[in-house]
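# Observations on the model geometry
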Amino acid sequence: MRSINSRRLFSGTGLIVTGLAATLVAMIFPIWSYSDRSGTGVDTLNAQTLSTRYGPLSALDREFVTKVRLAGLWELPAGQQAEERGTTQAVKTAGEHLVEGHTFLDERVRDVASQLGLQLPNQPNEQQQAWLGTLSAARGEEYDVQFANILRKAHGKVFGLVAQVRASTRNSLVRRLADDANTTVLDHITVLEATGLVDFDALARDAATASPPPLTNSPAPPGPTDSPSPPVPVSPSSSPSPSRTYTLPPPATSRPPEDDEPKESRESKDPKNSEASTNGDNGGDKSEDKKP
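Residues numbered from 1 in each chain as written. Predicted model: local features only at pLDDT ≥ 70, side-chain atom pairs only at ≥ 80, totals over all residues. Heavy atoms only, no water.

### Notes on the overall build of the chain
The criterion, for reference: Working definition: helices are DSSP H or I runs of at least four residues, strands are E runs of at least two. Numbering for both runs from the N terminus. Any two residues having at least one pair of non-hydrogen atoms within 4.5 Å are treated as being in contact. In these tables, accessible area is a Shrake-Rupley quantity obtained with a 1.4 Å probe, and a residue counts as shielded only by the protein chains included in the view.
Along the chain, the regular secondary structure elements total 10 helices and 0 strands. For the chain, the sequential pattern of α-helices and β-strands runs α-α-α-α-α-α-α-α-α-α. Sequence separation of 24 or more characterises 80% of the internal contacts of the chain that already satisfy a separation of 6 or more. Of the roughly 18,500 Å² that the chain leaves accessible, carbon and sulfur atoms contribute 56%.

### Structural notes on the confidence of the model for the chain
Selection criterion: Values of pLDDT, which run from 0 to 100, indicate the predictor's confidence residue by residue.
Here the chain averages 75 in pLDDT, while 56% of its residues score no lower than 70. Counting interchain partners and residues more than four positions distant, the pLDDT-below-50 stretch residues 215-246 has 65 contacts. Every residue in residues 280-292 is under pLDDT 50, and counting partners more than four places away or in other chains gives 0 contacts.

### Observations regarding the nonpolar core
Put simply, the rule reads: To qualify as a nonpolar core, a set must consist of buried Ala, Val, Leu, Ile, Met, Phe, Trp, Tyr and Cys residues joined through side-chain atoms within 4.5 Å. Burial classification: accessible surface area is computed with a 1.4 Å probe over protein chains only, and a residue below 20% of its type maximum counts as buried, one above 50% as exposed, and the rest as partly exposed.
Among the nonpolar cores identified, the biggest contains 24 residues, and Phe64, Val65, Leu116, Leu118, Val165, Val174 and Leu177 are the most heavily contacted of them. Contributing elements (two or more residues each) for this core: α3 (59-85), α4 (89-116), α6 (140-168) and α7 (172-193).

### Some words on the packing of α4 against α6
What counts, and what does not: Here an axis means a line fitted to C-alpha atoms, over the contact stretch when the element is a helix, while the angle between two N-to-C directions is reported on a 0 to 180 degree scale. These descriptions rest on fixed angle ranges, namely under 35 degrees for roughly parallel, over 145 for roughly antiparallel, 65 to 115 for roughly perpendicular, and the rest for oblique. Two helices cross in a left-handed way if the nearer one is turned anticlockwise from the farther one by less than a right angle. They cross in a right-handed way if the turn is clockwise.
At a closest axis distance of 11 Å, the pairing of α4 and α6 adopts a crossing angle of 40 degrees. In terms of axis orientation, α4 runs oblique to α6. In this structure, α4 crosses over α6, and the sense of that crossing is left-handed. Seen from α4, the contacting residues are Val91, Ala94, Gly95, Leu98 and His102; seen from α6, they are Asp144, Phe147, Leu151 and His155.

Set out below in structure tokens:
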């Protein structure tokens, strides 16, 4: 009888110990699986990151450099086309900014790529070529609308990538390139919106429904070379020489109207009030002179 009770006691204790052990394993497993197991975000980052003298170069960094180059390959010709076909001065001005900005950025990205040993594309991708085809087929006011909206949509998408790279990159060359790209893209967004033709409702709908595009597999650096040959942009032969800087549009601010000034300030500026005050003082002096 006692042996039976003992077996039951040990069986119950064993179940309790087994349950506690299983609970402990369940608590430890997530920590191990997400901290040390391969396939996590940090593991992927480390696996696709290359060491350079300017700091680690991640896959996102290489993707960014490639996309800066691709942007210049189609937006620079689009800007030159807008200078010729635009029916309003605002569209022509936007085209000028595209040409100057991407001439500058293309020079910068080729310099960065040569220092990092990266290969760059020499042709726009299929989507960019389709955009250029749409612009080439348009005329008159239709061209103005297509130009403003296609280019504004494209710049809005790359703007987010620039911010992501600038916030996360550990490479000093990529960081400086992101600074230049941020200034250029924001300038282009501003002048495109200044045409008055951008459909903001369509941009909002597109942003709400679009899913983030997957990263393309940018080629890994083949290693530094003594004399890398710079890729040649696909642009008309009459493209201007590269410049280090370009003019930004004027700020979207203006002097407040005079009605918004404080009443005391307006009264002090009113010549009538000043004259009355002067006459009042003089009148007071004269009245004193007349007293016996």
